[in-house]
There are 2 protein chains.
Amino acid sequence: MRRSAPALRATAAAPLLLAALALAAAPAHAQQPAPDTPLQAQYRATAGRIIAAALADSGAWAKMARITDTYGNRLAGSDALERALEDILRTMQQEGLENAHAEPVMVPRWVRGEESAELVEPRGQPLPMLGLGGSVGTPRGGITAPVLVVSTFDELTRRAAEARGKIVLFDEVWQGYGPTVQYRGRAAVAAARVGAVAALIRSVTPFPLRTPHTGAMYYDSAVARVPAAALTVEDAMLLHRMQDRGQRVVVHLTMAARTLPDSPSRNVMGEIRGSEHPEEVVVIGGHTDSWDVGQGAMDDMGGVVVSWEAVRLLQRLGLRPRRTIRVVGWVNEENGDRGGEGYRDAHRDQLANHVLAIESDGGVFRPTGFGFTGTDSALALVRQIGALLLPLGADTVSRGGGGTDINPMTQLGVPSMGLNDDGTRYFWYHHTNADTPDKLDPREMAQCVAAMAVMAYVVADMPERLPWGVPAGR
Amino acid sequence: MRRSAPALRATAAAPLLLAALALAAAPAHAQQPAPDTPLQAQYRATAGRIIAAALADSGAWAKMARITDTYGNRLAGSDALERALEDILRTMQQEGLENAHAEPVMVPRWVRGEESAELVEPRGQPLPMLGLGGSVGTPRGGITAPVLVVSTFDELTRRAAEARGKIVLFDEVWQGYGPTVQYRGRAAVAAARVGAVAALIRSVTPFPLRTPHTGAMYYDSAVARVPAAALTVEDAMLLHRMQDRGQRVVVHLTMAARTLPDSPSRNVMGEIRGSEHPEEVVVIGGHTDSWDVGQGAMDDMGGVVVSWEAVRLLQRLGLRPRRTIRVVGWVNEENGDRGGEGYRDAHRDQLANHVLAIESDGGVFRPTGFGFTGTDSALALVRQIGALLLPLGADTVSRGGGGTDINPMTQLGVPSMGLNDDGTRYFWYHHTNADTPDKLDPREMAQCVAAMAVMAYVVADMPERLPWGVPAGR
């Protein structure tokens with residue numbers, strides 16, 4: 001069933017539709033456990049074996065800790081990342097993963113350099129900060145300017161006349177990641193549009209311990225490029241209170257950030273080759289790069305490792321599925337998406353045989369299930385498989401989900417999935433110096449391995465291929 | 001009923017003993033609310049008025065924020081502390097507190113200076129740190145030495161032969177503050193005893209975001225003085241994992257810490273003078289100094305301010321008790337206790353008329369009640385008063401409690417009490433850059449004001465004086 005990807009998106013898998021709708025109509029958690037479907041009956045024992053073996057092993061945590069301790073954080077273009085990638089590839093080969101290899105990708109190279117911020121008026125105080133990824137630096141010697149604190153883009157629009165020559169600080173309270181991260185992305189453009197000389201944001205997090213959070217920001221070619229950095233939540237609130245008391249607030253900001261020419265990097269991958277349809281692939285993975293702070297343990301070496309250990313677990317159990325399972329460590333998720341785009345481009349003529357893509361990039365805390373993007377008939381099938389994860393509490397397969405690295409494939413019709421987990425503390429650590437191995441729990445990571453292994457294995461092995469295609473509008 | 005303090009400690013208040021024992025035998029929370037005692041009947045309406053007025057006012061939070069925003073952190077001997085004390089005294093006078101004045105105290109003066117730590121082997125990485133208060137500095141240029149990581153003092157004893165010339169890092173996991181803070185206090189002496197050149201500890205906290213925690217440490221005149229600093233929990237664990245993998249761990253530590261001559265400071269205080277027994281005093285308060293990080297909001301300007309606002313609230317309500325209520329901001333709790341000792345010395349011949357001392361130095365989160373140190377008969381009475389705080393959920397008066405600043409009085413027989421609150425997050429912020437006003441909640445602070453005001457007012461006003469004395473062994 002080869003298909004050219006985009007054309008068939010909306011019509012994929014029509015024959016399965018009626019059966020799928022019937023299954024989808026059944027409540028996910030009935031009071032009485034529903035009797036097994038034939039698919040569930042076929043794989044329940046194997047799923048139980050996979051789960052038991054996964055939970056008996058803390059190898060995922062140890063591997064994640066070893067790699068992140070050894071190489072530290074791994075921004076695209078850094079030596080640390082390249083040495084980590086060499087290690088991962090060498091380890092995959094030593095472990096006997098099949099077809100372990102790297103595929104070259106050029107990545108952007110942003111370098112933070114020395115940076116600092118200091119409150120100058122009404123009193124002196126260092127302001128812990130992190131420049132935002134992609135920002136330009138300040139002039140040598142830095143910028144010293146009065147600060148205009150606003151809560152929102154709307155407030156800046158209303159107070160535009162006050163912004164000229166100032167540093168604009170957006171003190172937007174956490175409203176969930178999606179809405180709040182707009183300020184990280186767009187602060188510099190919004191500030192420059194009204195004549196400000198720099199943009200600061202309140203770190204994008206619901207809970208801080210005077211912890212700055214970095215992340216990507218964007219310029220607009222029609223607007224002057226001004227430096228942009230994140231202050232801590234505490235200091236954004238402090239400066240806001242000072243302004244509210246009628247005090248003049250002045251900050252000195254110094255950033256040596258710069259963007260260097262693109263540099264070579266790679267996606268790394270290995271496989272269990274399928275026994276009957278090796279050309280059909282279930283691809284799973286996470287991203288190997290991180291921001292240049294902390295150790296990139298949760299975001300996202302943990303995601304790479306639970307995918308990798310899922311494949312290793314199947315290998316150790318002697319479970320070779322009909323189709324190929326490929327684990328990929330994509331590169332440059334944080335500030336360029338070149339890994340995901342490069343994979344799509346390198347495998348463009350095989351995407352119609354990419355049966356499913358699963359990414360883990362939301363932390364590897366206690367898994368709750370998966371989010372799925374694809375046809376209704378495919379959703380009904382993966383929900384049957386998800387139900388096999390009930391012993392882990394990871395049996396909820398919700399509509400919608402994927403990942404930044406697999407999104408270029410999703411756009412071309414590859415059914416896509418993201419591992420979901422307990423995200424309570426994810427944004428406490430996200431893009432900070434506190435993203436370290438201790439934040440992850442060996443048992444929870446083993447549960448993630450189990451969930452990834454069961455889902456990938458059953459989709460790769462089940463007699464009928466998962467219906468392909470992603471409905472328009474997703 | 002004047003008494004010279006120490007002599008009467010064990011025999012105080014014998015006449016009330018039988019009645020008190022009868023009351024103490026009643027369960028604190030019976031299924032049916034117990035009928036009011038005469039004391040409760042007398043004060044229930046007033047307590048309700050105090051609570052209602054306190055909860056209608058967020059002045060405590062605003063005052064705490066204004067002072068800590070304006071002056072920042074306030075280590076003993078710093079200009080910031082002295083300017084904050086001038087502000088507090090001036091404000092008390094402007095508010096019309098009676099007898100608002102300062103009493104001089106000499107305080108130690110420890111200066112942190114520039115400091116840093118860096119992992120040198122097996123890879124380079126900055127190690128966020130805070131020198132411990134009282135530590136000596138390193139030689140100019142710092143110390144570079146291999147690290148021996150141990151979990152406990154016992155492990156260091158077993159591995160003493162490995163410690164010579166090394167930096168010893170104590171990676172003791174959080175066991176609660178009391179046991180774990182032993183490592184902060186005694187690490188330097190333990191390390192120096194086995195020939196180490198410096199001591200590092202894992203920060204004393206149950207939850208970190210790569211956050212170092214400072215605090216006091218101690219030397220022993222018989223042991224060489226080596227520098228001592230706290231690493232973050234994350235980095236202590238990192239270095240421990242590296243050692244466990246057989247890697248050689250080397251750290252470079254630079255500290256310019258030094259101790260200067262004592263400098264003048266003061267306790268600040270104000271009163272509502274008693275209408276019948278002005279010489280009898282209920283003293284309440286917290287400490288004005290903080291460590292030289294963060295803003296010392298929770299520890300302990302919040303405690304000073306809830307005590308202060310309790311007195312202000314009574315003043316506004318026109319509630320002048322029979323006895324005097326004095327609010328005190330003691331100085332130098334963090335690294336010398338000179339404020340508490342100085343107050344005791346300045347008021348030594350009035351301590352027998354100090355009816356009760358209440359300190360708030362455990363954060364001003366949601367109040368749960370008080371801990372009390374005194375005679376059983378006095379405990380029975382303050383439990384009756386505590387029950388009036390049931391609407392706040394702050395009605396539990398447990399045996400044992402006080403505060404560092406009032407402890408010199410407790411030792412001489414003054415009945416003593418500490419405000420108890422929900423301490424869930426207290427040690428997340430304790431002695432860090434994250435001790436800032438946003439961690440405190442205006443409504444919870446108002447509840448603390450209510451609890452302090454009701455307890456202080458009723459003890460100061462009730463017809464019978466609270467039995468004096470503290471049993472031997474407390």
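Note that the structure is a prediction, hence the values are computed from the model and not measured.

Q: Which residues make up the overall build of chain A, and what values go with them?
A: Regarding its fold elements, chain A presents 13 helices and 16 strands. Radius of gyration (C-alpha) of chain A: 24 Å, near the 23 Å computed for a compact globule of 474 residues. Along the longest, intermediate and shortest principal axes, the C-alpha atoms of chain A span 70 × 45 × 40 Å. Among the 474 residues that make up chain A, the fraction classed as buried is 61%. In chain A, the proportion of contacts linking residues at least 24 apart, taken out of those at least 6 apart, comes to 83%.

Q: Please set out the interface of chain B and chain A residue by residue, giving values where relevant.
A: For interface size, the figure often reported is the accessible area lost on association. On the side of chain A, 31 residues touch chain B, which itself brings 31 residues to the contact. Secondary structure elements with two or more residues in the side of chain B that touches chain A: helix H3 (59-71), helix H7 (233-244) and helix H12 (426-429) of chain B. With 7 residues, the single largest contributor to the side of chain B that touches chain A is H3 of chain B. Across the side of chain B that touches chain A, the residue classes tally to 13 nonpolar, 8 polar and 10 charged.

Q: Explain the nonpolar core residue by residue, including any values.
A: Looking at soluble globular proteins, one finds that nonpolar side chains tend to be buried together. Ile 284 and Leu 466 of chain A together with Ile 284 and Leu 466 of chain B are the most contacted members of the largest nonpolar core, which totals 170 residues. Residues within four places of Leu 466 of chain A in sequence aside, it is in contact with Val 355, Leu 356, Phe 372, Ala 378, Leu 381, Val 382, Pro 415 and Val 459 of chain A.

Q: Would you mind going over the side chain of Thr 46 of chain B in detail, with residue names and values included?
A: Of note, Thr 46 of chain B is situated in helix H2 (residues 38-55). When its relative accessible area of 18% is taken as the criterion, Thr 46 of chain B is described as buried.

Q: Any chance you could break down the environment of Leu 253 of chain A for me, citing the residues and the numbers?
A: All names here are of chain A. Note that Leu 253 resides in strand S9 (residues 250-255). According to the relative accessible area criterion, Leu 253 is buried, its value standing at 0%. Each C-alpha atom of the pair Leu 253 and Gly 141 lies 8.8 Å from the other, and the pair is 112 residues apart in sequence. Apart from residues no more than four positions distant in its own chain, Leu 253 is found in contact with Ser 116, Ala 117, Met 129, Thr 138, Gly 142, Ile 143, Ala 198, Leu 200 and Ala 229.

Q: A description of the sheet that holds strand S10 (residues 258-272) of chain A should follow, citing residues and the corresponding values.
A: All names here are of chain A. Spatially, 8 strands are ordered S1-S10-S12-S11-S13-S16-S14-S15 in an open sheet, and the strand pairing comes out mixed. In this open sheet, the two strands that pair with only one neighbour each are strand S1 (98-111) and strand S15 (396-399). In this sheet, neighbouring strand axes are inclined to one another by 25° on average, regardless of whether the strands run parallel or antiparallel. The pairing of strand S14 (residues 367-373) with S15 spans 4 bridges and is parallel. Within S15, the position partnered with Phe 372 by the bridge is Arg 399. Running over the sheet, helix H8 (residues 297-316) touches S10, strand S11 (277-287), strand S12 (323-330) and strand S13 (354-359) and is turned about 145° from S11. The strands touched by helix H9 (residues 338-346) are S1, S10, S11, S12 and S13; relative to S1, the strand with the most contacts, the crossing angle is about 135°.

Q: Please provide a residue-by-residue account of the sheet that holds strand S3 (residues 125-126) of chain A, values included.
A: Residue and element names in this part refer to chain A. Strand order in the open sheet formed by 8 strands is S3-S2-S9-S5-S6-S7-S8-S4, and the pairing between neighbours is mixed. Since the sheet does not close on itself, it has two edges, and those belong to S3 and strand S4 (129-131), each with one partner. The sheet contact formed by strand S6 (residues 167-170) and strand S7 (residues 198-202) spans 4 bridges and is parallel. Residue pairing across strands places Phe 170 opposite Ile 201, the latter belonging to S7. Helix H6 (residues 177-193) contacts S6, S7 and strand S8 (228-231) of the sheet and is inclined by roughly 150° relative to S7. Those strands touched by helix H7 (residues 233-244) are strand S2 (115-121), S3, strand S5 (143-150), S6, S7, S8 and S9, and its axis lies near 80° from that of S5.

Q: How would you summarise the relation of the copies chain B and chain A if you had to cite specific residues and measurements?
A: Note on the copies: chain B fits chain A at an RMSD of 0.0 Å, the axial shift is 0.0 Å, and the rotation between them is 180°. Both copies are brought into coincidence by an operation consistent with a two-fold rotation axis. Of the C-alpha atoms belonging to chain B, the one lying closest to the rotation axis is found on Leu 209 of chain B, 3.1 Å away. Most of the interface of chain B is mirrored in chain A: 100% of its interface residues are interface residues there too.

Q: Tell me about unusual backbone geometry, and please be specific about residues and values.
A: For the bond running from Glu 121 of chain A to Pro 122 of chain A, omega is 5°, close enough to zero to count as cis. Considering the arrangement of structural elements, one finds Pro 122 of chain A in the loop between S2 and S3. If you check the backbone angles, Arg 210 of chain A has positive phi at about 55° while not being a glycine. Within the secondary structure, Arg 210 of chain A sits in the loop between S7 and S8. One non-glycine residue, Asn 332 of chain B, adopts positive backbone phi at about 70°. Checked against the element boundaries, Asn 332 of chain B lands in the loop between strand S12 (323-330) and helix H9 (338-346).

Q: Which residues make up the pairing of strand S16 (residues 416-421) of chain B, and what values do they have?
A: Residues and elements named next belong to chain B. Taken across its 6 residues, S16 has 5 buried, putting it largely inside the fold. Examined bridge by bridge, strand S13 (residues 354-359) and S16 share 3 bridges and lie parallel to one another. Paired with Ala 357 across the bridge in S16 is Ser 416. Sheet topology note: the strand S14 (residues 367-373)/S16 ladder contains 6 bridges and is antiparallel.

Q: I'd like a description of the domain arrangement of chain A, backed by residues and values.
A: All names here are of chain A. The assigned domain composition of chain A is domain 1 (6-108 + 262-461) and domain 2 (113-256). Computed over C-alpha atoms, the centres of domain 1 and domain 2 are 36 Å apart. A buried area of about 940 Å², summed over both sides, lies between domain 1 and domain 2, and 72% of it is on carbon and sulfur atoms. Three residues stand out in domain 1 for area buried against domain 2, namely Trp 291, Phe 427 and Trp 428, and they jointly supply 54% of the buried area on that side. In this structure, the connection of domain 1 to domain 2 is made through 0 salt bridges. At the junction of domain 1 with domain 2, the criterion picks out 3 residue pairs in polar contact (both at pLDDT 80 or more). Each residue belonging to the side of domain 1 that touches domain 2 can be placed in one class, and the counts come to 4 nonpolar, 3 polar and 1 charged.

Q: Kindly report on helix H10 (residues 376-386) of chain A, identifying the contributing residues and their values.
A: Most of H10 of chain A is tucked away: 9 of the 11 residues are buried. All of the buried residues in H10 of chain A are Ser 377, Ala 378, Leu 379, Ala 380, Leu 381, Val 382, Gln 384, Ile 385 and Gly 386 of chain A.

Q: Account for the packing of H2 of chain B against helix H13 (residues 442-461) of chain B, naming residues and giving values.
A: All names here are of chain B. Their axes nearest at 9 Å, the elements H2 and H13 cross at an angle of 150°. On the basis of their axis angle, the class for H2 and H13 is roughly antiparallel. Remark: the crossing between H2 and H13 carries right-handed chirality. In this structure, H2 contributes Leu 39, Tyr 43, Thr 46, Ala 47, Ile 50, Ile 51, Ala 54 and Leu 55 to the contact, and H13 contributes Arg 443, Ala 446, Gln 447, Val 449, Ala 450, Ala 453, Val 454, Tyr 457, Val 458 and Asp 461. Residues belonging to the contact of H2 with H13 are distributed by class as follows: 14 nonpolar, 2 polar and 2 charged.

Q: Break down the side chain of Asp 69 of chain B for me, with residues and values.
A: Looking at where Asp 69 of chain B falls in the secondary structure, it is placed in helix H3. By relative accessible area, Asp 69 of chain B is classed as buried at 1%. Only 2.9 Å separates the side chain of Asp 69 of chain B from the side chain of Gln 295 of chain B, close enough to count as a polar contact. Those residues in contact with Asp 69 of chain B that sit more than four places away from it in its chain are Arg 123, Leu 238, Arg 241, Met 242 and Arg 245 of chain A together with Gln 295 and Pro 437 of chain B.

Analysis parameters
Along each chain, residues carry numbers from 1 onward, in the same order as the chain's sequence is written. Chains carry letters from A onward and ligands carry numbers from 1 onward, assigned in written order. The model is predicted, so local features are restricted to residues of pLDDT at least 70 and side-chain atom pairs to those at 80 or more, both for listing and for counting; the totals for chains, interfaces and linings are taken over all residues. Hydrogens and waters are ignored; side-chain quantities use all the structure's heavy atoms. Helical segments are the DSSP runs of H or I of at least four residues, strand segments are the runs of E of at least two, and each set is numbered from the N terminus. Within these notes, the globule rule equals 2.2 Å times the number of residues to the 0.38 power, and the radius of gyration is based on C-alpha atoms. Only protein chains enter the accessibility calculation, which uses a 1.4 Å probe; a residue is then buried when its area is under 20% of its type maximum, exposed when over 50%, and partly exposed in between. Contacts between residues were defined by any pair of non-hydrogen atoms, one from each residue, lying within 4.5 Å. Ten residues, namely Ala, Val, Leu, Ile, Met, Phe, Trp, Tyr, Cys and Pro, are considered nonpolar, four, namely Asp, Glu, Lys and Arg, are considered charged, and the remaining ones, Gly among them, are considered polar. Definition of nonpolar core: a set of buried residues of the types Ala, Val, Leu, Ile, Met, Phe, Trp, Tyr and Cys, connected through side-chain atoms within 4.5 Å. Between any two strands, pairing holds if DSSP finds at least two bridges. Under this scheme, a helix contributes an axis fitted over its contacting stretch, all axes are lines through C-alpha atoms, and angles between N-to-C directions fall in the 0 to 180 degree range. Overlaid copies result from least-squares superposition on C-alpha atoms, with residues included only where pLDDT is at least 70 in both. Boundary definitions for the domains trace back to an automatic or database domain assignment. Accessible surface is computed with a 1.4 Å probe, and the buried area is the amount of it that two parts give up when combined, taken over both parts together. A side-chain nitrogen of Lys or Arg and a carboxyl oxygen of Asp or Glu constitute a salt bridge if their distance falls within 4 Å. For this analysis, a polar contact is any N or O atom pair within 3.5 Å, provided that within protein one partner can donate a hydrogen and the other can accept it, and provided that sequence-adjacent residues contribute only side-chain to side-chain pairs. Convention used here: angles under 35 degrees read as roughly parallel, angles over 145 as roughly antiparallel, angles from 65 to 115 as roughly perpendicular, and any remaining angle as oblique. The sense of a crossing depends on the near helix, which, turned anticlockwise from the far helix by less than a right angle, makes the crossing left-handed and, turned clockwise, makes it right-handed.

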